[in-house]
Amino acid sequence: MRIGDIEARPGTKAFGYLRTAASRSGLSPDIPIHLIAGSAPGPTLLVQGAIHGAEIIGTIAILHFVRKIDPRSLRGTVIAVPVVNRVGFELGERGSRIDGKDISRLFPGNPRGSVSEQVAHVYFHEVVARANAMIDFHAGGEAGYERYVLFTAERDPANLTDLERKRRKLVVAFGLDQAAFFPPDTFGANKAKEAIEGAGVVQFTLEFGGGTGWFKNGADNVRDAERGIWNTLKALRMVDGPFEADGPLCTIYNASVVLWKPPVDGLFIRKKGFGEFVRAGDAYGIIQDPYTGRLLAEMPTPRDATVIPSGQEWPTVGATSIGILGAVDRVEDRRTTDLYVSFDETA
Ligand SMILES: [Zn+2]
């Protein structure tokens, strides 16, 4: 297996930087890549962290994983990328200050575009498109966030595509007690998601605490993020061993109902807990002036629904949403669900 100048022979690990784009900023956008080539054939799994530079729980979990994985007992290949958005990471920022763009929204990229568009182009074609499956770690950055698996809503749940069927299994196999699916155009990620699916890659995303949650639950989140990487390898039959999870059940939320933005910028404080059923008009949360503490807006719940995981409190400047409502779609039981996924093509 070879990516750029990085090459790993069967049963070995290699590390290097994938050359992406020239930048006059003094910051290199080239991407650090650990290539772990198993000694036997199997699928290719991409595990990536910090495509949003300030969201680092996946980064730490990936580094733990890379230290522990023995390529001699691995089937297939793992491409482990602790930090995709290196410029944002080095500045502690979500996007890239070089051009103000978000790499995760730019796939398949543009070789003649801005620095982030070039990075997205090289990374998409050299790395993403070569994977069978892909774990994309996010978290709260400065602000805290909940902890759940996030994936794109299925087009027709009664008639799943092969990719959707595989993704269903991997979402549950990962091991968290909750997951949520969103319409593909949520958060402006439609084009990028289509490019990834178009390349035949089974992709899912993690939100993993972070922010204030980093200080409260950091070690737990890192441990469970790493556990999820191992569970995914087990589901793909790349390593052997039993699944370890939060518990036997995984509640899957349909977050396709309501997503709304703050009426005014300030400090958002959610009053309703996730999984809680709320009625239209209930106080969903408030927005305070973050400096004076004055109440700026009260936010009634727009309709009867279930509160879907989102942050607890954070500054709303630039926020994509303050509230997510939906319904419990189903509860999967790991004791009775087949979590194993196989790909025809092998590396
Ligand atoms: Zn993110």
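Residues numbered from 1 in each chain as written. Predicted model: local features only at pLDDT ≥ 70, side-chain atom pairs only at ≥ 80, totals over all residues.

1. Regarding the overall build of the protein chain
Logical step 1: Of the regular secondary structure elements, the protein chain holds six helices and 18 strands.
Logical step 2: Here the C-alpha atoms of the protein chain give a radius of gyration of 20 Å, agreeing with the 20 Å that 2.2 N^0.38 yields for 347 residues.
Logical step 3: On the principal axes, the C-alpha backbone points of the protein chain span a range of 60 × 55 × 35 Å.
Logical step 4: For the protein chain, with 347 residues in total, the buried portion stands at 48%.
Logical step 5: Sequence-distant contacts, at least 24 apart, represent 72% of the contacts inside the protein chain between residues at least 6 apart. (Helix = DSSP H or I, 4+ residues; strand = E, 2+ residues; numbered from the N terminus. Rg over C-alpha atoms; globule rule 2.2 N^0.38 Å. Buried ≥ 20, exposed ≤ 12 C-beta atoms within 10 Å, placed from the backbone. Contact = placed C-beta atoms within 7 Å.)

2. A look at the sheet that holds strand β17 (residues 313–315)
Logical step 1: Overall, antiparallel pairing links the four strands, which are arranged β15-β14-β12-β17 in an open sheet. Every other strand in the sheet has two partners, leaving β15 (295–300) and β17 as the edge strands with one partner each. Across the sheet, the axes of successive neighbouring strands diverge by a mean angle of 20°, strand direction being ignored. (Pairing = 2+ DSSP bridges. Axes fitted to C-alpha atoms, helices over the stretch in contact; angles between N-to-C directions.)

3. Observations concerning the nonpolar core
Logical step 1: Within the largest apolar cluster, 90 residues are counted, with the highest numbers of intra-cluster contacts made by I79, V128 and V149.
Logical step 2: Filtering out sequence-adjacent residues up to four positions away, V128 remains in contact with L46, F107, Y123, M134, I196, A199 and V201.
Logical step 3: Grouped together as the second largest cluster of nonpolar side chains are five residues, F268, M299, W314 and I322 included. (Core = buried A, V, L, I, M, F, W, Y, C linked by C-beta atoms within 7 Å.)

4. What to know about the domain arrangement of the protein chain
Logical step 1: Assigned domains of the protein chain: these are domain 1 (2–247) and domain 2 (254–331).
Logical step 2: In this assembly, 14 residues from domain 1 lie in contact with 13 residues from domain 2.
Logical step 3: In terms of residue count, strand β9 (residues 178–182) provides more of the side of domain 1 that touches domain 2 than any other element does, four residues in total.
Logical step 4: Considering only residue class, the side of domain 1 that touches domain 2 consists of nine nonpolar, four polar and one charged. (Domains from an automatic or database assignment. Nonpolar A, V, L, I, M, F, W, Y, C, P; charged D, E, K, R; others polar.)

5. Section: the confidence of the model for the protein chain
Logical step 1: Here the protein chain averages 91 in pLDDT, and 95% of its residues register 70 or above.
Logical step 2: Throughout residues 212–216 the model reports pLDDT below 50, and contacts reaching past four residues in sequence, or to other chains, amount to six contacts. (pLDDT = per-residue confidence, 0-100.)

6. A short note on helix α1 (residues 57–68)
Logical step 1: Its 12 residues give α1 an end-to-end C-alpha distance of 17 Å, which sits within 8% of 16 Å, the value for a rise of 1.5 Å per residue.
Logical step 2: Regarding α1, the residues found buried are I57, G58, T59, I60, A61, I62 and F65. (Expected span 1.5 Å × (residues − 1).)

7. Quick look at the environment of V119
Logical step 1: Tracing the chain through its elements places V119 in helix α3 (residues 115–126).
Logical step 2: Taking the C-beta count within 10 Å as the criterion, V119 has 29 such neighbours and is therefore assigned buried.
Logical step 3: In the structure, V119 is positioned 83 residues away from I36 in sequence and 22 Å away in space, judged by C-alpha atoms.
Logical step 4: With residues up to four places along the chain from it excluded, the contact list for V119 reads T20, A21, P29 and I103.

8. So, unusual backbone geometry
Logical step 1: A cis geometry characterises the amide bond from F107 onward to P108, with omega recorded as 10°.
Logical step 2: The phi dihedral of R237 is positive, around 55°, even though this residue is not glycine.
Logical step 3: Here R237 shows up in the loop between α6 (212–235) and β11 (249–260).
Logical step 4: Residue R237 is classed as partly exposed on the basis of its C-beta count, with 15 C-beta atoms lying within 10 Å.

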